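Each chain is listed here by its residues.
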Amino acid sequence: LLAFYPALMLSMAMMSILYAFIMGIPIYLMVELQLTAKKLTYFILIVTLMTVIGNALGVIVGATSATLLEAQSRLMPVLAPLVLFSGYVIRYKDMRPAFRIFYKISFFQYGLSAMQLNQLTDLTFDLTFYGFTLPVPGEFVLRRFLDLDPDKHHTGQ
């Protein structure tokens, strides 16, 4: 078993890279995200990393379960708090301090925040209101509506 799990994770990582390209690039193009080499590369890397982390979590839950049914029943109590407290169902500033630890350990929060920072940084929206067009920088959207500071979020400040 010592060689099995690293080999399993390595093969899953290789497939994750393949899936990130096969499924990620068409979605990236259909949604019309910013088409620059840097942003597309970050997108693929984030999707791949999130997939590898999800695979690892699945392997851990599966390896510690005696049956498939037991693994399925264990997975939801693990994933639900990670999704619920990722900052998108309940915003970070609205969480009680006791629950903020779930925000800090949620890999969903890190992946989705990285995606938002990647796509909204250096982007300007044209907001048209009663015939007037107002440019709205993506950094404003990140700070005001998503509680993400592009200058400090990734540094933990």
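Residues numbered from 1 in each chain as written. Predicted model: local features only at pLDDT ≥ 70, side-chain atom pairs only at ≥ 80, totals over all residues. Heavy atoms only, no water.

## Notes on helix α2 (residues 37-63)
No. 1: Counted at 1.5 Å a residue, the expected span for α2 with its 27 residues is 39 Å, and the 38 Å between its end C-alpha atoms agrees.
No. 2: For α2, the full list of buried residues reads Lys39, Phe43, Ile44, Ile46, Thr48, Leu57, Val59 and Val61.
No. 3: Looking at the packing, one finds that the buried side of α2 touches α1 (4-30), α3 (68-84) and α5 (107-120). (Helix = DSSP H or I, 4+ residues; strand = E, 2+ residues; numbered from the N terminus. Expected span 1.5 Å × (residues − 1). Buried < 20%, exposed > 50% of the residue type's maximum accessible area, 1.4 Å probe, protein only. Contact = heavy atoms within 4.5 Å.)

## A closer look at the packing of α5 against helix α6 (residues 138-145)
No. 1: Where α5 contacts α6, the two axes come as close as 8 Å, and the packing angle between them is 150 degrees. In terms of orientation, α5 and α6 fall into the roughly antiparallel class. Across the interface between the two elements, Gln116, Leu117 and Leu120 from α5 touch Gly138, Glu139, Val141 and Leu142 from α6.
No. 2: Of the residues contributing to the contact of α5 with α6, the split by class is four nonpolar, two polar and one charged. (Axes fitted to C-alpha atoms, helices over the stretch in contact; angles between N-to-C directions. Parallel < 35°, antiparallel > 145°, perpendicular 65-115°, else oblique. Nonpolar A, V, L, I, M, F, W, Y, C, P; charged D, E, K, R; others polar.)

## Section: the pairing of strand β2 (residues 132-137)
No. 1: When strand β1 (residues 124-129) meets β2, the two strands line up antiparallel, connected through six bridges. The partner of aspartate 126 across the bridge, within β2, is proline 135.
No. 2: Here β1 folds back onto β2 in antiparallel fashion, the turn holding two residues, of which tyrosine 130 has a positive phi close to 55 degrees. (Pairing = 2+ DSSP bridges.)

## Let's talk about the packing of aromatic side chains
No. 1: Here the structure, examined in full by the defined rule, presents nine aromatic pairs.
No. 2: Geometrically, the ring pair formed by phenylalanine 4 and tyrosine 5 is edge-to-face, given 5.0 Å between the ring centres and 75 degrees between the ring planes.
No. 3: Three or more aromatic residues joined by ring pairs make a cluster, and in this case those are Phe85, Phe99 and Phe102.
No. 4: Stacked on the ring of tyrosine 92, the Lys or Arg arginine 100 has its end atom at 4.7 Å from the ring centre.
No. 5: Here the basic side chain of arginine 144 rests over the ring of phenylalanine 145, its NZ or CZ set 5.8 Å away from the ring centre. (Phe/Tyr/Trp six-rings, centres within 6.5 Å; stacked < 30°, edge-to-face > 60°. Lys NZ or Arg CZ within 6 Å of the ring centre and 35° of its normal.)

## Re unusual backbone geometry
No. 1: Despite not being glycine, glutamate 32 shows a phi value in the positive range, around 60 degrees.
No. 2: Looking at the secondary structure, you find glutamate 32 in the loop between α1 and α2.
No. 3: Positive phi, close to 65 degrees, is recorded for aspartate 122, a residue that is not glycine.
No. 4: Assignment of secondary structure puts aspartate 122 in the loop between α5 and β1.
No. 5: A residue is classified by how much of its surface remains accessible, and aspartate 122, at 63% relative accessible area, is exposed.

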